[in-house]
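Each chain is listed here by its residues.
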Amino acid sequence: LSALVPSWHDLETVEHVKAIQRRQKFPTQGPLDKLSRILKPNEIVPAVTKPARTLHERLKPKLSGSIGRPPPPRQDLWDDLGVARNDEEIQERETGYATYAFNTLVSRRIGLSRDIPDTRHRACRKLEYPKPAHLPTASVIICYFHEEYHTLLRTVHSVLDRSPAKNLQEIILVNDQSDIDIATNLTQHFHRNKLDHLVRVISSPERLGLIRARIFGARQATGQVLVFLDSHVEANQGWLEPLLSRIHQNRSHVVTPIIDIINADTFKYESSPLVRGGFNWGLHFKWDSVTRDELQNEEAFAQPIKSPTMAGGLFAMDRKFFHDLGEYDPGLDIWGGENLELSFRVWMCGGALEIIPCSRVGHVFRKRRPYGGNEADTMIRNSLRVARVWMDDYIEHYFKINPDARKVDYGDVSSRLELRKSLQCKDFKWYMDNVYPDLRPPSEDEDDALVKADRVRFEPWNKRTRRYLRAFWIRLSGTRFCVRSAGEASVKKSLLVLGPCMRNKEYLWYETDKQEVILAQLLCLDAEGKDRRPKLMKCHELRGHQEWKFRSAEASAIYNMAAGLCLTAKEKKMGGKVILDVCSDGDSHMWDLSEIEQE
Ligand code: UD2
Ligand code: MN
C-alpha cells in the first residue's frame, strides 16, 4: 500500500508546512496542570477564537455553568496530556483503549472544545463565498455507537462553534442503540444549555448499523443540505461555507472536506495533504495522490478536486438529491461498502463527487473498530451487494481477489437494480473510462500485493520517510548497565534487559526524526501491550506507541507518548528487566543517552 500512499512532501509546498508549524505554536500558557484541567461532563466551555457570527457567540451569555475561556493549549504540550500520573489513570486509559480504541484519558482532559491549528492552504484566503443568508441551511447528522462522551460532545461543539448560525438548521445525533446513559446525559446537557432546539438526540429502534442509522437520521432532517459526520471529529475554521457554496452552485455536487488527522493516542491535530478517493479490486477504499501537474499554481490548492470515491464518513449533499438518488442501500449491515456504493451511484446517475480543500475536518483514525462481530464477513457481504448492483462484468475483478465471495449470500438486491434502471444511470464501463481511468484491471503478479493491500485498514497515509539522527546507548544513569534486546536485534517481540554496554547491534539505538527509537536500524521500541514490557516491533510510522520523548542528555527520562509511561529499570543488575512504569524522577527512570561515535 505504501506505494499508493502519497507523501506529504510531494504535494504541499514547504512554505505551507512551515506556516502550519508556525500556527501550531500557540502562545505559552501556564503549567501543565492548567492544561490538563479536568472538565466535568456538564461543564460548558465557551468556544475559543471564533468569528463573531457563530452561533456559540450569540448564545454565550445564555450558557449556564460557564467557566470562562480555557487556555489555548500549546501544541507541543498536548503531548503531555497523555501522561498518566497514577495507577487509576493508567486503568482509565487502558479501559478506554479497550472500549473505544483511542486514548480517552487525553480526550477527557481536553474537554468540550479547544483550539486547533487552521490547516487551510493560504490560497483559501483569497476565496469569497456568498453571504450565509444566500447559502442553503444544513442538517448535520452524526450517528454513533458506543462513542466516548467527551469526544462526541467535542464533535458537536466544534460544529456549533465553527458554523455560521444562519446556516445551521440542526444537529441530529443518532444513537444507534448504544449507551442509553450517554444519550440521556447528552439530552440533559443540551437542554441545560438551551441548545435543545438545535441539537436533537434521537435513538434508533434497534441496532441499525451506521448505514441504516444514517438513513434514519436523514429522514428526520429538515435542512436543505445534509452533512454527515462521524462521532469523533472536530470541524475546523470555516469548514461549512465552502461545502454549502459548492452545492449551492449545483445541487448535484456531492462534496467532502479534507479529512485531517487527530492522532488516536495523543489527540494532536495534524494537517492532511491533498488526496482523492479511489479503491482497489478487493473493493477497499484507498487514497490516491493528486499529481504535481494538477497543482501547478497556488490557486489549485483551493480548487475542488474531482474524486472517484469518498472515504464515507464526512460529506455534504443536497437533501432532496440524497433522497431522489435512493439514500443508501438499506441492505448494507453495520459498517463498510456504503461509501463505494454512494460514490458509484453519484457518478453514474448524474452527480459529481468532489473534495473541497478549503474545508477541513479532523477525524480520529483508530487502529481497530470496537464493534465486535465478524467484520470481514459483513464487509464481504456488503461489497458483494455493491458489486452486484453497480459493477456489471467488472465484478469478475473482485472475484479474482476474493474467490470465496462467489458463494456468499448477499440477500435480495432487486429494488436497488430497479433504482438503477429508473434513474437511468450510466454503466460501470462509463465510470471506469471517465471517472477512474487510472485503475487498471488486476494482473496476475499483482494479485498477491492487492490481497495484502486489502488487509491494510482504513488509515491515514503513512509518512514513509525516516531520517536517522544519531546512534546512542541507553545507559542507566550512574551505572554501567545499558538497555539491550534480550534476543538478537532482529527478533520481533524481543523484550529488553540490562547488560554491559557493548558495541554490538543489540545495544545500538537510533533516534529518528519521528521520535522513534530503533534498534540497529531494524525494529522499533514499542510500548503497546498491557504487560508494561516494552518490546521490539516492526516500525509502523504512526507514532503512538512508537513515539518517545527524551532529552539527548545525561539523566533524561524516556517516556512514551501513547502509554504515558516511562522506561524503567526494574532491577539494577545484569540481566535486570526493563519495563514501563509511571514516570517519576527516581533513579531507575533516568538514562544517559550519550551518542556513540560511529567508526
Ligand atoms: C470510514 C468512514 C465511516 C464509514 C466507514 C465505512 C471516514 C472518516 N469514516 O470508517 O464514516 O463510511 O468508513 O462504512 O470517512 N456507527 C454506528 N453504528 C454502528 C457502527 C458505527 O452508528 O453499528 C458509527 C460510529 O460511531 C462512527 C460512524 O458510525 O461515528 C463511522 O464508523 P467508524 O468511525 O468506525 O468508521 P471509520 O472512520 O473507521
Ligand atoms: Mn470514524
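The rules behind the values
- Residues numbered from 1 in each chain as written.
- Chains lettered and ligands numbered in written order.
- Predicted model: local features only at pLDDT ≥ 70, side-chain atom pairs only at ≥ 80, totals over all residues.
- Heavy atoms only, no water.
- Helix = DSSP H or I, 4+ residues; strand = E, 2+ residues; numbered from the N terminus.
- Contact = heavy atoms within 4.5 Å.
- Areas by Shrake-Rupley, 256 points an atom, 1.4 Å probe, with all protein chains shown as cover.
- Near = heavy atom within 4 Å.
- Polar contact = N/O pair within 3.5 Å; in protein donor to acceptor, adjacent residues only side chain to side chain.
- Nonpolar A, V, L, I, M, F, W, Y, C, P; charged D, E, K, R; others polar.
- Disulfide = S-S within 2.5 Å.
- Buried < 20%, exposed > 50% of the residue type's maximum accessible area, 1.4 Å probe, protein only.

1. A closer look at the overall build of the protein chain
Part 1: The helix and strand inventory of the protein chain stands at 18 helices and 25 strands.
Part 2: A separation threshold of at least 6 residues defines the contact pool for the protein chain, and within that pool the share at least 24 residues apart is 75%.
Part 3: Per element, the accessible surface of the protein chain, about 25000 Å² overall, is 50% carbon and sulfur.

2. Section: the site of ligand 1
Part 1: The environment of ligand 1 is formed by 23 residues, the closest being D176, R207, S231, E338 and Y371.
Part 2: R214 is positioned with one of its side-chain polar atoms (N or O) 2.8 Å from an oxygen atom of ligand 1.
Part 3: Contact with the protein chains covers 97% of the free accessible surface of ligand 1, which is 740 Å².
Part 4: Mapped by element, the contributors of at least two residues to the shell around ligand 1 are strand 1 (138–144) and helix 10 (209–218).
Part 5: Broken down by element, the shell around ligand 1 gets its largest block of residues, 3 residues, from helix 10.
Part 6: Here the shell around ligand 1 is composed, by residue class, of 9 nonpolar, 7 polar and 7 charged.

3. Re the environment of N250
Part 1: Assignment of secondary structure puts N250 in the loop between helix 11 (240–249) and strand 6 (253–263).
Part 2: Counting along the chain gives 101 residues from N250 to G351, while the straight-line C-alpha distance between them is 9.3 Å.

4. Examining the state of the cysteines
Part 1: Summed over the entire model, instances satisfying the criterion amount to 5 disulfides.
Part 2: Paired by a disulfide, C349 and C425 hold their sulfur atoms 2.1 Å apart. In this structure, the disulfide formed by C349 and C425 twists by about 105 degrees around the S-S bond and is classed as right-handed. Of this pair, C349 sits in the loop between helix 13 (338–348) and strand 12 (352–365) while C425 sits in the loop between helix 16 (414–422) and helix 17 (428–434), placing them 76 residues apart in sequence. Of the two residues, C349 and C425, both sit in the buried class.
Part 3: With a sulfur-sulfur separation of 2.2 Å, C566 is cross-linked through a disulfide to C583.

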